[in-house]
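Here's the letter readout for the chains.
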Amino acid sequence: MPLTSGPQRPAPPEHEHEHRTEHDMLGDIDVPAHAYYGAHTARAVANFPLTGETLAARPHLIGALAAVKHAAARANAEVGALDPALASAIADACAEIRAGALREHFVVDLIQGGAGTSTNMNANEVIANRALELLGRHRGEYAVLHPLDHVNLGQSTNDVYPTAVKLALHAHLAELLGALAGLREAFAAKAAEFADVLKMGRTQLQDAVPMTLGQEFGAFAATLAEDEQRLSEAWLLLHELNLGGTAIGTGLNARPGYRERAMEHLRRLTGIPTLVSSPDLVEATQDVGVFVQLSGVLKRTAVKLSKICNDLRLLSSGPQAGLGEIALPARQAGSSIMPGKVNPVIPEAVNQIAFEVIGNDVTVTLAAEGGQLQLNAFEPVIYRSLSAGLAHLTAGIGVLTEHCVRGITAHRRRLADTVAASTGLVTALGPALGYETACAIALEAHHTGRPALDLVRERALLTEAELRDLTSPASLTGLPAV
């Protein structure tokens with residue numbers, strides 16, 4: 001989008017120690033001369049030195065805030081509430097911010113009191129000061145273009161912030177879904193590679209019945225596909241917005257027609273055609289059920305992913321004294337004292353991310369329950385918890401895919417020997433031998449260490465042809481004969 005035409009006055013000389021004085025309802029406050037933020041943001045920085053993690057660490061949220069302000073400016077101009085020249089300057093400033101400009105000026109802590117007011121004010125001030133420059137003015141000349149009278153026109157933190165949070169989470173989820181698809185495809189490729197590798201399945205960590213390593217990896221792919229579906233369902237719930245409801249959902253101070261036009265512009269700016277306005281803005285302003293739903297689905301994904309990582313660590317354990325059925329790629333030395341030791345560091349890291357997501361779900365649940373009457377004041381910690389979980393899961397899944405799953409190999413000889421020696425084969429003979437006879441064979445094999453099939457042959461309980469048929473890979477695994 002082209003910048004607003006007109007002279008662009010150079011900024012006054014600025015040094016690190018220089019300040020400009022701004023004013024708010026509490027009085028005058030000095031703001032760094034180079035800053036695009038203003039008085040409200042400066043107070044928030046002083047009030048909330050909490051996590052050390054600022055809005056600048058969440059570009060998706062900054063972009064979403066700019067999209068909301070951009071849409072609002074255009075809508076306000078169209079309903080006659082905002083001078084078109086001011087609306088154009090605001091829109092151009094928002095376009096720059098959405099492209100990545102001025103991110104370092106979003107300086108308030110992600111956790112803050114006020115239901116996200118400090119975040120909204122930070123955005124209003126940065127946008128206003130950049131828009132002033134585009135109009136050829138200096139930062140802080142709010143008589144010309146004001147952060148609240150113009151940038152925040154027809155809005156409240158209570159509709160801007162949750163709208164921006166939903167749009168930001170939408171972007172985070174898109175990245176997570178892409179990462180999950182990559183991991184699912186990697187497991188599916190391994191399932192095809194290991195389709196002919198017979199092994200023992202286990203229940204309660206004890207030998208069960210035979211299966212293929214391909215079936216085991218195929219189950220990993222299938223369970224991830226389920227998570228993709230559940231996440232996609234939660235994704236769509238983020239598209240219902242309360243923009244235009246202002247303070248509590250009644251739309252006070254928003255011009256007639258503003259809400260509809262703002263939603264039209266937001267759909268165009270974001271490229272999300274399914275964004276809709278909630279049918280009950282009062283309910284939508286106080287309700288955070290969508291975040292609880294999303295958090296629950298994220299927890300489900302994290303739990304299942306952690307279980308997969310547990311399985312990878314078990315299957316690769318040893319390698320001599322453990323199961324040792326597969327080998328994970330060696331990524332780094334595993335010990336400062338034990339030479340040659342290699343640890344399953346990638347699955348271990350993903351386990352820890354899963355633990356974090358599970359803990360974040362408790363935070364989201366308590367924050368959602370803590371809302372009162374027409375507003376939930378705790379959406380900042382809800383967003384921080386969800387965005388951190390989404391970002392960390394996305395990164396962890398990418399690392400698991402590239403640094404672990406794609407390089408997994410099978411110890412085929414060991415797997416074959418384990419199947420041959422396992423009493424689990426006797427289960428396949430049960431229908432032919434009867435339970436009591438099959439149980440006696442299994443117990444003797446277990447106590448003597450002799451292969452169960454040898455005992456069956458010695459007693460002439462089945463013919464060789466019957467044994468071959470009952471213990472063929474197709475019979476044992478339910479897969480079609482090749």
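Residues numbered from 1 in each chain as written. Predicted model: local features only at pLDDT ≥ 70, side-chain atom pairs only at ≥ 80, totals over all residues. Heavy atoms only, no water.

The next point concerns the overall build of the protein. Along the protein, the regular secondary structure elements total 18 helices and eight strands. For 482 residues, the compact-globule estimate of 2.2 N^0.38 gives 23 Å, and the C-alpha radius of gyration of the protein, at 31 Å, exceeds that figure by more than 25%. In terms of overall dimensions, the protein has a C-alpha envelope of 100 × 55 × 40 Å along the principal axes. Here the protein holds 482 residues, and the buried ones make up 48% of them. Contacts in the protein between residues at least 24 apart in sequence constitute 72% of all its contacts with a sequence separation of at least 6. Looking at the protein as shown, the accessible area adds up to about 21500 Å², and 56% of this sits on carbon and sulfur atoms. Measuring between centres, the 38 positive side-chain charges of the protein sit 4 Å from its 51 negative side-chain charges. (Helix = DSSP H or I, 4+ residues; strand = E, 2+ residues; numbered from the N terminus. Rg over C-alpha atoms; globule rule 2.2 N^0.38 Å. Buried < 20%, exposed > 50% of the residue type's maximum accessible area, 1.4 Å probe, protein only. Contact = heavy atoms within 4.5 Å. Areas by Shrake-Rupley, 256 points an atom, 1.4 Å probe, with all protein chains shown as cover. Lys, Arg positive; Asp, Glu negative; His and termini not counted. Charge placed at Lys NZ, Arg CZ, Asp CG, Glu CD.)

The subject of this paragraph is the confidence of the model for the protein. Residues of the protein with pLDDT of at least 70 account for 96%, and the chain-wide mean is 93. Within the model, the stretch residues 1–14 combines pLDDT values under 50 with 37 contacts to residues more than four positions away or in other chains. (pLDDT = per-residue confidence, 0-100.)

We now examine the packing of aromatic side chains. Within the structure shown, the criterion is met by four aromatic pairs. Between Phe 194 and Phe 217, the aromatic rings sit 5.4 Å apart at their centres with planes inclined by 75°, giving edge-to-face as the arrangement. With Phe 194 in the loop between α6 (157–193) and β3 (198–203) and Phe 217 in helix α7 (residues 213–237), the pair connects residues that are 23 residues apart, well separated along the chain. A relative accessible area of 0% means that Phe 217 is categorised as buried. Pairwise contacts between aromatic rings join Phe 187, Phe 194, Phe 217 and Phe 220 into one cluster. Here Arg 139 stacks its cationic end above the ring of Tyr 36, 4.0 Å away from the centre of that ring. (Phe/Tyr/Trp six-rings, centres within 6.5 Å; stacked < 30°, edge-to-face > 60°. Lys NZ or Arg CZ within 6 Å of the ring centre and 35° of its normal.)

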